[in-house]
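Reading the structure
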Amino acid sequence: DIEHVWIVGLEVFVSEPMELSGTTDEPDRPMGGIWIAGGSDIRVINCRVHECTTNGINAWSAASNVVCYGNVVYNNGFVGTGRAHGHAAYTQNPKPSLKVFEANVFRAGPDGQTKTLAFQAYGSEASFVESYMILHNVFLGRVTLGRVGQEGSTHITYRHNAQDSGGIGCGAPA
């Protein structure tokens, strides 16, 4: 397993134009984004992530003790034929691991479209949304925190964040 990785000051973007291939929701271009699928003690600091096909920053359950600090993440994702795909940030986390998102700017969707989310911590019966510190961020767009089939998520600190009128949802989105 990878440990103690710091990604600092990196700009990530996809320069190819967004074109959906036929009637599917598969864009004909690279996905882009910062994808943290595993490992421990990962830091993403002062990065700029934009114009990616899917999520800007992904921090999945197998990645433990992740900190995202001071990043600017915007214009990621796309609206396909059936629904929106990709968000500024998408994350899942089981306790005792801790995921910290602090002092970031997360903006939903390309060109200000509102079908993707600024931040999504969302899971299921097998994917947990627990043990988060979400502090001092700016969210331009909707935020979702919760799990399908659960009353709510546990051990989430959500403080001193600024948000536009996109709203925050807790529990499973409607």
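Please read all numbers here as calculations on a predicted model, not as lab measurements. (Residues numbered from 1 in each chain as written. Predicted model: local features only at pLDDT ≥ 70, side-chain atom pairs only at ≥ 80, totals over all residues. Heavy atoms only, no water.)

**Considerations on the overall build of the protein chain**
- Counting secondary structure elements, the protein chain contains zero helices and 20 strands.
- Across the protein chain, contacts joining residues at least 24 apart in sequence account for 69% of those joining residues at least 6 apart.
- Surface accessibility of the protein chain: about 8,300 Å² in total, with carbon and sulfur atoms responsible for 54%. (Helix = DSSP H or I, 4+ residues; strand = E, 2+ residues; numbered from the N terminus. Contact = heavy atoms within 4.5 Å. Areas by Shrake-Rupley, 256 points an atom, 1.4 Å probe, with all protein chains shown as cover.)

**Digging into the sheet that holds strand S4 (residues 39-45)**
- Pairing is parallel across the open sheet formed by six strands, whose spatial order is S1-S4-S7-S12-S15-S18. Of all strands in the sheet, those bounded by a partner on one side alone are strand S1 (3-8) and strand S18 (154-159). When the angles between neighbouring strand axes are averaged without regard to direction, this sheet yields 10°.
- Strand direction decides the pairing type here: strand S15 (residues 130-135) and S18, joined by five bridges, are parallel. Bridge pairing in S18 links Leu135 to Arg159. (Pairing = 2+ DSSP bridges. Axes fitted to C-alpha atoms, helices over the stretch in contact; angles between N-to-C directions.)

**Considering the sheet that holds strand S19 (residues 162-163)**
- Pairing is parallel across the open sheet formed by six strands, whose spatial order is S2-S5-S8-S13-S16-S19. The sheet terminates laterally at strand S2 (11-13) and S19, the two strands that pair on one side only.

**Considerations on the pattern of salt bridges**
- Overall, the coordinates contain one salt bridge when judged by the stated rule.
- For Glu11, the salt bridge is made with Arg48, and the minimal N-O distance between the two is 3.3 Å. In this pair, Glu11 sits in strand S2 while Arg48 sits in strand S5 (residues 48-50), placing the two residues 37 residues apart along the sequence.
- Residue classification places Glu11 among the partly exposed positions, given a relative accessible area of 40%. (Salt bridge = Lys/Arg side-chain N within 4 Å of Asp/Glu carboxyl O. Buried < 20%, exposed > 50% of the residue type's maximum accessible area, 1.4 Å probe, protein only.)

**Considerations on the packing of aromatic side chains**
- Within the structure shown, the criterion is met by nine aromatic pairs.
- One aromatic cluster in this structure is built from Phe101, Phe106, Phe119, Tyr132, Phe139 and Tyr158. (Phe/Tyr/Trp six-rings, centres within 6.5 Å; stacked < 30°, edge-to-face > 60°.)

**Concerning the nonpolar core**
- Counting residues in each nonpolar core, the largest one holds 28 residues, and the members touching the most others are Val49, Phe106 and Phe119.
- For this core, the elements supplying multiple residues, two or more each, are strand S3 (34-36), S4, strand S6 (57-59), strand S7 (63-69), strand S14 (119-123), S15 and strand S17 (143-147).
- The biggest single contributor to this core is S7, with three residues.
- Discounting residues that sit within four places of it in the chain, Phe106 has contacts with Val73, Ala88, Ala89, Phe101, Ala118, Phe119, Asn137, Val138, Phe139 and Leu140. (Core = buried A, V, L, I, M, F, W, Y, C linked by side-chain atoms within 4.5 Å.)

**Remarks on the pairing of strand S12 (residues 99-102)**
- Where S7 meets S12, four bridges bridge the pair, whose relative direction is parallel. Looking at S12, one finds that Val67 is bridged to Val100.
- Of the pairings in the sheet, the one linking S12 to S15 comprises four bridges and is parallel in character. Paired with Phe101 across the two strands is Ile134, which belongs to S15.

**Section: the environment of Val79**
- When you line up the elements, Val79 lands in strand S9 (residues 78-79).
- The class of Val79 is partly exposed, set by a relative accessible area of 38%.
- C-alpha of Val79 to C-alpha of Lys115: the two residues are 36 residues apart in sequence and 7.2 Å apart in space.

**With respect to the pairing of S4**
- Counting buried positions over the seven residues of S4 gives five, a clear majority of the element.
- Here five bridges tie S1 to S4, and the two strands are oriented parallel to one another. Considered in S4, the bridge of Ile7 is made with Val44.
- Here S4 pairs with S7 via six bridges, running parallel. Residue pairing in the sheet places Ser40 in a bridge with Ser64 of S7.

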